[in-house]
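# Notes for the structure review
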Amino acid sequence: MAGVVLENLSWKKLIILGVFLLILMISFFLIGGYVAPNPSNVVTVLATRCYDRGSKLNRSKWFVPRGPQKCEELNNLSPTDEVIVNNSITEKQVVFSFWIPGPREGAERRMSPLFQSMLGVLQLDIEHSAKVPLTENAVLQLDVGMAVRNEEDTDWMPLAKSVEDRNLQCKLDKPKEEGYLYDCELLQLFELGSVAHHFYLVNIRLPVNFVKGYNVGIGRVVDMHIHVIHQNGGFTIVWMTMKCVMFVMVLSVLIWFWRRIMQLGRPPNLLERTLFALGVVMSILNCPIELLQLGLNIPFMLLLNDIRQGAFYAMLMSFWVIFAGEHIMDQTERNRLSMYWKHLSAIIFGSICLFVFDMCERGIQLKNPFFSIWVTNAGTKLALAFIILAGIAAGCYFLFLCYMIFCVMKTINSKKASLPSMSQLRRRYYLGIMYRFRFLMLATLVCAAFTVVFFIISQLNEGEWRWGDHELSLEYTSGFFTGMSFIY
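A brief report on the enclosed structure follows. (Residues numbered from 1 in each chain as written. Predicted model: local features only at pLDDT ≥ 70, side-chain atom pairs only at ≥ 80, totals over all residues. Heavy atoms only, no water.)

### Here we look at the pattern of salt bridges
Applying the stated rule across the entire model yields 13 salt bridges. The residue arginine 110 makes a salt bridge to glutamate 151 at a minimum N-O spacing of 2.6 Å. Linking arginine 110 in the loop between strand 3 (94-100) and strand 4 (118-127) with glutamate 151 in the loop between strand 5 (139-149) and strand 6 (157-167), this pair joins segments that are 41 residues apart in sequence. Note that glutamate 290 is salt-bridged to arginine 308, the shortest N-O span being 2.9 Å. In this pair, glutamate 290 is assigned in the loop between helix 4 (270-286) and helix 5 (301-325) and arginine 308 in helix 5, connecting sequence segments 18 residues apart. Arginine 308 carries the same exposure label as glutamate 290, and that label is buried. (Salt bridge = Lys/Arg side-chain N within 4 Å of Asp/Glu carboxyl O. Helix = DSSP H or I, 4+ residues; strand = E, 2+ residues; numbered from the N terminus. Buried < 20%, exposed > 50% of the residue type's maximum accessible area, 1.4 Å probe, protein only.)

### Notes on the packing of helix 5 against helix 6 (residues 341-365)
In the contact formed by helix 5 and helix 6, the axes pass within 10 Å of each other and the chain directions differ by 170 degrees. The angle between helix 5 and helix 6 places the two elements in the roughly antiparallel class. Taken together, the residues of helix 6 that come into contact with helix 5 (itself represented by Leu302, Leu303, Asp306, Ile307, Ala314, Met317, Ser318 and Val321) are His343, Leu344, Ile347, Ser351, Phe355, Asp358, Met359, Arg362 and Gly363. Split by residue class, the contact of helix 5 with helix 6 holds 10 nonpolar, four polar and three charged. (Axes fitted to C-alpha atoms, helices over the stretch in contact; angles between N-to-C directions. Parallel < 35°, antiparallel > 145°, perpendicular 65-115°, else oblique. Contact = heavy atoms within 4.5 Å. Nonpolar A, V, L, I, M, F, W, Y, C, P; charged D, E, K, R; others polar.)

### Here we look at the packing of aromatic side chains
Pairs of aromatic rings are described using the distance from one ring centre to the other and the angle between the two planes. The full count for this structure, using the stated rule, is six aromatic pairs. An angle of 10 degrees between the planes, with centres 6.0 Å apart, marks the rings of phenylalanine 235 and tryptophan 239 as stacked. With phenylalanine 235 and tryptophan 239 both in helix 3 (residues 233-262) and four residues apart, the pair spans about one turn of that helix. The exposure class of phenylalanine 235 is buried, given its relative accessible area of 2%. You can call tryptophan 239 buried: its relative accessible area is 18%. One aromatic cluster is present, formed by Trp99, Trp156 and Phe199 through successive ring pairs. Positioned above the aromatic ring of tryptophan 156, the side-chain terminus of arginine 149 is 5.1 Å from the ring centre. One Lys or Arg, lysine 161, reaches over the ring of tryptophan 62 and ends 3.8 Å from the middle of that ring. (Phe/Tyr/Trp six-rings, centres within 6.5 Å; stacked < 30°, edge-to-face > 60°. Lys NZ or Arg CZ within 6 Å of the ring centre and 35° of its normal.)

In C-alpha cells, the structure reads:
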C-alpha cells in the first residue's frame, strides 16, 4: 500500500500536530468544566385545576391558568369540596392546565430558542382512597392538547391534540390511610425538537369510560406536575461556539489534506479516500445548523441531529476497520473496498436498524409530540431490545477491532526481525515507521473505547427515566460532554 499523507509526515510535524491536538482536547474539557453551565435544566410546573362548565366535552376550547383569560379554578378535588358537591362536577369537566414556563418571583418567564428542544415528563399525585382504589398496572388515558403563544400575541394557537395511554406504576410506602399519596413513576408526556415560541399551554383531561375501561382503577388523581427538561441556554452558546470553531478547523484540514493528495501525482488509495470521507461526514456533523433555530421553527432538528450523528458513527467505525486492515501487511491486496464488504455490511445493517427505531420514535413525534414508543409493554420491549442489541454490537465491534489491531502488531513485530540486516540509517527509518504505527493503533483503540463507553453511558442515562431504573442514575458534566465530543 502506498504511504498515506499523514503517515509520511516528518517527526517534527507529527509531534507539533500531536501537541496541538492534546492542548485542544484539554481546552475542550476545561471550557466545558469551568465556562459552560450544566447541559440541561429542569423546570417544574404545577397544574391549575380548571372547571369546564359545559355539559359536553369541548376539546377545541383552551383553559388558561392565569392572565386575562384565566379559567374558573377548582381549589381541590376532594369529594367534600362544596363546589364539586353542589355542582356535581364530572371528571370530563376537570381540566389540568399548565402554562410553560411558570412565573418566578411574580415575573413572567418565557422559553427561548436557545433551549433547542423540550421534553415534558408528567408526575401524578394520587391519593389513597378505599372508595376510589388504585389497581395494579392500571392504564391511564390522557386527553391532552398543546397550544403555543408568543409574547406579542393575544390568542393561543393549537399545536397538537391527542389521546394517549400511559401505564401507571405506583406503590404506597406509608400505611394505607386516607390522604396518603402513592409513589408513582414519572411518565413521558411530550417531546419537541424546537422551542420556537415563548409560551406553551398544555391541557389534560382524564375522562372515564367504564364500558371500554378507560381511566378505571387509576385512583384519585388530585394533582399533576410537569417537569420540563431543556438544554441550558448558556451551554448552547458555548456549544455552538465550539462547533463553529471545530467546523472551520476540520474543513480547513480537510481541504489541505485533499490538496496534498492531489499533488502526489497518483490516484488516492483506499485509506486516503476513507479518511477524506470521514472528514466530510465530520464537517457535516460539526456544521452549526442549530443556529437556524434561533430564527426559524425546525421541529425535525432532533431527528436530523440523530441522522448526522449516526452517519458519523458508521463512518468512524468503517474507517477504523479499514485503517487496521490496511496495516496488517500480509500477502493480501487490500486496497479495495470490496475486501471489507463483510465488516461494512454489519455496520450498515446496525445503522439501518437504529435509523428505523429512531424514525418510529422521533419521526412520529413530528406530527404527534405526545407519542412515545415506550408507553406500551410491546413498545418498551422493542426499544430495550434495540438498545441492548446496539450495546452488544458496539462491544463485539470493539473486540473485533482489538483483534485486528493485535494482528497489525503481530505483523509489525515479524517485520522487525529483518531490521538487523539493514544499514543503520535504514534501520532507524523503519523503526520510526513501526513506532508510528504502534502509536496510531493504540490511539485508534483508545478513541474506539471512549466512543463505545460514551454511547453506552448516554443510553443508560436516557434509560434512567424512560424505564424507571433509578439505580442506573449517571452524572456527567459539561466538561465530559464537550471533551468527549472532541475525542470522537
